[in-house]
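Summary of structural features
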Amino acid sequence: MLVGPCGGNIFASRCSAGLAFSTSRWLLCVAAMVGLAQDARGADDGDWPMAARDFASTRYSPLGEVTPSNVHQLQLAFSFSTSIDKGHEAAPIVAGGTMYVVTPFPNHVIALDLTGPGVHVKWTFDPKTDAKAQGVACCDVVNRGAAYADGRIFFNTLDDHTIALDAASGRELWRTNLGDIAKGETITMAPLVVKGKVLVGNSGGELGVRGWLTALDAATGKLVWRAYSTGPDKDVLIGAAFKPFYAQDRSDNLGVKTWPPEAWKIGGGTVWGWISYDPQLDLIYYGTSNPGPWNPEQRPGDNKWTCGIFARRPESGDAVWFYQTSAHDLHDYDATNENVLVDLTLGGTMRKVLLHPDRNGYLYVIDRSTGEVLSADSFVHVTTSFGVDLATGALRYNPAKTPRIGKIVRDVCPASPGGKDWQPSAWSPRTKLLYLPHQNLCQDSVAYETSYIAGTPYVGAEAKMRPDPAGQRGAFTAWDPVIRKKLWSIDERFPVWSGALVTAGDVAFYGTMDGWFKAVDAKDGTELWKYKTSSGIIGQPISYRGPDGRQYIAVLAGVGGWAGAVVSGDLDTRDGSAAAGFVNVMKDLPSATKKGGMLYVFRLP
Amino acid sequence: MSFVSHSAWVVAAIACAASAAPARELRVCADPDNLPFSNRDEAGFENRVAQVVADEMGAVLRYEWLPLRRGFVRKTMDSGSCDVFIGVPKDFERVLTTRPYYRSSYVFVDGRAAHGVDRFDDERLRRLRIGVQLVGNDLAATPAGHALAMSGCVDNVRGYTIYGDGPASQRMIAAVADGAIDVAVLWGPQAGYFVARSVSPLELRTARPLPAMKGVPFEFDISMGVRRGDVALHDELDAILERRRADIDAILAQYAVPRVDQPRGDIQ
């Protein structure tokens, strides 16, 4: 084994970078080499260390034991109840023969030993999450997963803490409070660990939270930088390095000037979705949420930097580019969906792009070096806009669908959850297809109803969602970003609210809200296998190689989230406008599934 | 037998008797920090009204505390943790509402300069700094927010969110009192209570809707709310509200709730 002094060998640059933070030169060298060894082995590495498995957010497993010809033999290896009834959106994390599951509120972390038969709980960690946080979370009390790096587990709690645990023992190493539930802030996203920094964003854009992304030192939990999504350039970390592609983004302090006075202070733009990282370009990518809490007519302007994608330097947080998918958002089209980093041959040239399926219904192919939109095609039925102007990057709104008090607006497509919500897609470098779990919903604002919040009565628009004209509420779609077309699509009765997984065996996996875990042929979408779980699936399926060398497929069942709150929150199906109108289109879900978190793990016999 | 053991027996007997016939409970969902309606110290007028109702029922009053924010019905009454909201709009569809026991209105509050504005089409509004309550997005503004937008007032309007230190209404009245804003438009019961406690004199006037704002009311009837289908409790509360009307009116007057359903309580 090559363990020597740093100077003079191929690892020198890595080690000298590490030396800035520590005096222990020898240990750092060893750590760097182990890291490199893992990188070299990465092509067939069997772990699943972060929610999307890799920095590019592909959710692609390089394991190929399970194939279209044998997947019908998949059988349950083990299951495990989390004993919690809320929506389970998390991806299980697998590292070093252990699986780590973070639950919805109260955000327990459970470590399962995978080395023996059955399930052995190594440790459970209870962060004592403040129960008041439940009263603040908008839609359900979900958590989208933990992250593993360098022997530590990092996760977020609904009451705005990021916590680091020793992965072996479950001992708390540090915890940092990042926000205030009294201001409506919560945290539901899965953190990403990049270059020794834990990246975390907030939730709560509906009611006047100012959005941010924060970097914490992974060693100590100390705040390194915070980049706000609204306000003066110095708060947004916009400086000399900022080179947005489009002219409308190139001016001073647009995070102030594109709002009425003071409105940016409570302007939304939270960062509750996904973060990707390109080590070559050294850029992180993430989307910001909708503006709030004013009605569109009371916040004239583009409302920057909400509903758009930022590229930033992980070390400093400095913004490098920004692209706004929905300027002056009218329909709750957050840009928080995933950015999948892939290299494509477009027009004979290899381009470094990011694929971004947005709530507004368009699948964007964006040059991830510059922020230039190369294409944007609708992947669902869209009536709220006429397309994306590639010369300016602007979404061309349909004025007939602008919401206004006293006006009836029908056929608003896609509905507020968008053509696709948080549920992350998967990319296969083998098929070169993006696998999209999504929904086909429209909504009507046809009436006004009396609402009541914090002692204040008012009349709000009553939005009721319904299936789009094609009639099916959910779909699992394979999209070719080069020819810019849907290759195939599988209709589902309910919105497909789970994540997607695709493997080197060319099998794609997803779950349905009525509790079917499905395997389909990644090439043509043929259904190959399915398994009925005890509760609907809104979690993120993963694949890992167990200590026995075998390929495993794992997913958390446990229905809930915005779409499934009708079950996990026992909502009244007679009230169509509950859960911001989602209940109207989910009235048959309670008869199709029950609540309750359960981990399912499968393998071949 | 010692005296001590004898008294212990008596205590035990009382405890047994109590457990054999448990007292009826009135389970109320309320916000722990939302004066003038309710707080954990039970100092709000809804706390006082709840006590009147519990006394009339011969029930023990018990609270389930949760901020009345998005999802509060789902998280309280729908999850079975309580049976009654003391104050909700009569037309609030999420619950079964009783007969209204008061009606109030959105009001203008202004301070030392006393501009006397009570209409949204008053030209002076465009030059004044105006505060409104912010309750959410997706066309979920207060009637005042919609009226100001229709009047073209944008840059001079400041929003007060439901999150912050103390109720938004309290922060708004303080802002008028110290001159940070010129006028506030807010829901009557909140305005009445904090205006009455303001150190500097403030004026309060009923807000008249814009003629163009059809279908957006500025006045609301307030009822108690029970679970949909709980007709027995609904009917019982209706009867109690009638029997104890005078006591409830006295509480509302004590908290300076501006009423538009009583000639003597009309707002100037």
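This next bit is on the overall build of chain B. Scanning chain B from terminus to terminus reveals 8 helices and 12 strands. Within chain B, the fraction of its 268 residues that count as buried is 47%. The contacts of chain B with a sequence gap of at least 6 include a subset with a gap of at least 24, amounting to 74%.

In this section: the sheet that holds strand S28 (residues 441-453) of chain A. Residues and elements named next belong to chain A. The sheet built from 3 strands is open, its strands ordered S25-S28-S29 with antiparallel pairing. At either margin of the open sheet sits one strand with a lone partner, and together these are strand S25 (409-412) and strand S29 (456-467). Each strand of the sheet is rotated relative to its neighbour by a mean of 35°, with strand direction disregarded. One ladder, built from 2 bridges, connects S25 with S28; its direction is antiparallel. In the strand pairing of S28, Val412 is matched with Gln443.

All names here are of chain B. Relative to each other, helix H2 (residues 45-57) and helix H8 (residues 245-254) sit at 165°, their axes nearing to 10 Å. Considering their axes alone, H2 and H8 lie roughly antiparallel with respect to each other. Regarding H2 and H8, the two cross each other, and that crossing is right-handed. Judged by residue contacts, Phe45, Arg48, Val49 and Val52 of H2 engage Asp247, Ile248, Ile251 and Leu252 from H8. Class assignment for the residues of the contact of H2 with H8 results in 6 nonpolar, no polar and 2 charged.

Let's shift gears to the environment of Arg94(B). Residues and elements named next belong to chain B. Among the secondary structure elements, Arg94 is positioned in the loop between strand S5 (84-89) and strand S6 (96-97). Taking the number of C-beta atoms within 10 Å as the measure of exposure, Arg94 has 25 and is therefore buried. For the pair Arg94 and Arg74, spaced 20 residues apart in sequence, the C-alpha separation works out to 9.1 Å.

Take the packing of helix H5 (residues 168-177) of chain B against helix H6 (residues 188-196) of chain B next. Helices that pack against each other are described as a pair by the angle of their axes relative to one another and the distance between those axes. Residue and element names in this part refer to chain B. The N-to-C vectors of H5 and H6 enclose an angle of 50°; their axes lie 9 Å apart at closest approach. It follows from the interaxial angle that H5 and H6 lie oblique. The hand of the H5/H6 crossing is right-handed. The segment H5 lies against H6, with Ser169, Gln170 and Ile173 engaging Gln190, Ala191, Phe194 and Val195. Each residue belonging to the contact of H5 with H6 can be placed in one class, and the counts come to 4 nonpolar, 3 polar and no charged.

All names here are of chain B. Under the domain assignment used here, chain B contains domain 1 (25-102 + 219-265) and domain 2 (105-206). Here the C-alpha centre of domain 2 lies 25 Å away from the C-alpha centre of domain 1. Each partner contributes to the interface: domain 1 provides 11 residues, whereas domain 2 provides 14 residues. Looking at side-chain class alone, the side of domain 1 that touches domain 2 contains 7 nonpolar, 1 polar and 3 charged residues.

Of all residues in chain A, 91% have pLDDT values of 70 or greater, and the mean over the chain is 90. Scored below 50 in pLDDT, residues 1-44 of chain A makes 27 contacts in the model with residues more than four places away or belonging to other chains.

Residues and elements named next belong to chain A. Omega for the bond connecting Lys304 with Trp305 falls within 30 degrees of zero, at 5°, which places this linkage in the cis form. Within the secondary structure, Trp305 sits in the loop between strand S16 (283-287) and strand S17 (308-312). Cis peptide bonds are those with omega within 30 degrees of zero, and the linkage from Cys413 to Pro414 qualifies with -5°. Among the structural elements, Pro414 can be located in the loop between S25 and strand S26 (426-428). Not every positive phi belongs to a glycine, and Asp332 is a case in point at roughly 70°. Mapping Asp332 onto the fold places it in the loop between strand S18 (319-324) and strand S19 (340-346). For Asp332, a count of 25 C-beta atoms within 10 Å puts it in the buried group.

Counting 165 residues, the largest nonpolar core has Ile93(A), Ala146(A), Ala147(A), Tyr435(A) and Ala508(A) as its most contacted members. Of the residues forming this core, the biggest block, 6 residues, is contributed by strand S37 (residues 551-557) of chain A. Residue contacts for Ala146(A): discarding those within four places in its chain leaves Ile93(A), Tyr100(A), Val102(A), Val109(A), Ile153(A), Phe154(A), Phe155(A) and Ala190(A). Counting residues in each nonpolar core, the second largest holds 88 residues, with Met77(B), Phe220(B), Met224(B) and Ile240(B) among its members.

Time to look at the pairing of strand S35 (residues 527-532) of chain A. Along any regular strand, the residues point their side chains to alternate faces of the sheet. Residues and elements named next belong to chain A. As judged from the 5 bridges shared by strand S34 (residues 516-521) and S35, these two strands associate in the antiparallel manner. Looking across to S35, one finds that Trp516 is bridged to Lys532. Between the antiparallel neighbours S34 and S35 lie 5 residues, among them Gly525 with a positive phi of about 80°.

On the side of chain B, 49 residues touch chain A, which itself brings 45 residues to the contact. Elements represented by at least two residues in the side of chain A that touches chain B include exactly S28 and S29 of chain A. With 7 residues, S29(A) is the largest single contributor of residues to the side of chain A that touches chain B. Of the residues that constitute the side of chain A that touches chain B, the class distribution is 22 nonpolar, 14 polar and 9 charged.

Residues and elements named next belong to chain A. Counting through the fold element by element, Val136 comes out in the loop between strand S6 (120-125) and strand S7 (147-149). For the pair formed by Val136 and Asp278, sequence separation is 142 residues and the distance between their alpha carbons is 34 Å. When neighbours within four sequence positions are excluded, Val136 is seen to be in contact with Ile181, Gly184, Thr186 and Gly204.

So, on to H2(B). With 13 residues, H2(B) should cover 18 Å at 1.5 Å per step; its first-to-last C-alpha distance of 18 Å lies within 8% of that length. The inward-facing, buried residues of H2(B) contact strand S1 (25-30), strand S3 (38-39), strand S4 (60-65), S5, helix H7 (231-243) and H8 of chain B.

So, about the sheet that holds strand S2 (residues 75-81) of chain A. All names here are of chain A. The strand order across the open sheet formed by 4 strands is S2-S38-S37-S36, and the pairing between neighbours is antiparallel. At either margin of the open sheet sits one strand with a lone partner, and together these are S2 and strand S36 (542-545). On average, each strand axis in the sheet is tilted by 25° relative to the strand beside it, whichever way the strands run. Two elements, S37 and strand S38 (residues 598-603), share 5 bridges in a ladder whose sense is antiparallel. For Leu556, the partnering residue across the bridge sits in S38 and is Leu599.

So, how was this worked out
- Residues numbered from 1 in each chain as written.
- Chains lettered and ligands numbered in written order.
- Predicted model: local features only at pLDDT ≥ 70, side-chain atom pairs only at ≥ 80, totals over all residues.
- Helix = DSSP H or I, 4+ residues; strand = E, 2+ residues; numbered from the N terminus.
- Buried ≥ 20, exposed ≤ 12 C-beta atoms within 10 Å, placed from the backbone.
- Contact = placed C-beta atoms within 7 Å.
- Pairing = 2+ DSSP bridges.
- Axes fitted to C-alpha atoms, helices over the stretch in contact; angles between N-to-C directions.
- Parallel < 35°, antiparallel > 145°, perpendicular 65-115°, else oblique.
- Left-handed = near helix turned anticlockwise from the far one by under 90°.
- Nonpolar A, V, L, I, M, F, W, Y, C, P; charged D, E, K, R; others polar.
- Domains from an automatic or database assignment.
- pLDDT = per-residue confidence, 0-100.
- Core = buried A, V, L, I, M, F, W, Y, C linked by C-beta atoms within 7 Å.
- Expected span 1.5 Å × (residues − 1).

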